[in-house]
Every structure is written in structure tokens, then in C-alpha cells.
Amino acid sequence: CAKAYQKKGDLANAIKMCKEAQLENYDKATERMMKNMELEKKKADAAAYLDDDKADEAKQQGNEHFRNKQWGDAVKQYEEAVKRAPNNAPIRNNLA
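Trainee: Could you give an account of the packing of aromatic side chains, with specific residues and numbers?
Mentor: For the coordinates displayed, the defined rule picks out one aromatic pair. A centroid spacing of 5.0 Å and a plane angle of 65° characterise the contact between Phe66 and Trp71, whose relative ring orientation is edge-to-face. Residue Phe66 is classed as partly exposed on the basis of its relative accessible area, which comes to 46%. Over the ring of Tyr49 we find Arg84, and its NZ or CZ is 4.0 Å from the ring centre.

Printed below as a string of C-alpha cells:
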């Protein structure tokens, strides 16, 4: 069942099924497959988090906080923007 979920792209349920299978009967192959699925899910989640539009929005909010002298909030927004667009140099410069 886990492989069917994996092929459908539902990695969360695939991992859940592997964990349930391990409770019934431990198998190294299933453990290896589950670890690979967890790594694949982690990469997919990281790629889904990247978004230039949301990064720009966070940067603008950071600029607004900066103008209002709310330094802590500005830094949080700039850090969020960098997380969403790590290769965007102008956003990175706001943290410098």
C-alpha cells in the first residue's frame, strides 16, 4: 500500500503505512524504503516552501517594520524572505 501512495505523490500516507507495517513485522527493506520516502518528502516540502512572491511580500513587511523602528519584527520578516528566496541578493542585503 505504501508504494501506491508513493506513486500517487502522497508521501505522508506512504510513510504512515510503512510505520504501521513496521509495527506488525519489522523488515530492513521497509525501513530503508521509509527513510527514502522521508528524505523525498523533506526535499519536496523544502521546494514547495520557496516562493518569490511571498518572499517579496515578507520583504515589504520587513521594510514597513523598519520604517516604524520595529527592528525585531523587521529582522523576522527579512529572515522569512530569505528562507523563501535564498538566492535573491537584494533580499539578503536587507539582513546585512
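Don't stop here, the text continues.
Trainee: Outline the side chain of Thr30, supporting the account with residue identities and numerical values.
Mentor: For Thr30, the location among the structural elements is in helix H3 (residues 28-49). According to the relative accessible area criterion, Thr30 is buried, its value standing at 16%. Aside from chain neighbours lying at most four places away, what touches Thr30 is Cys18 and Gln22.

About the thresholds
- Residues numbered from 1 in each chain as written.
- Predicted model: local features only at pLDDT ≥ 70, side-chain atom pairs only at ≥ 80, totals over all residues.
- Heavy atoms only, no water.
- Phe/Tyr/Trp six-rings, centres within 6.5 Å; stacked < 30°, edge-to-face > 60°.
- Buried < 20%, exposed > 50% of the residue type's maximum accessible area, 1.4 Å probe, protein only.
- Lys NZ or Arg CZ within 6 Å of the ring centre and 35° of its normal.
- Helix = DSSP H or I, 4+ residues; strand = E, 2+ residues; numbered from the N terminus.
- Contact = heavy atoms within 4.5 Å.

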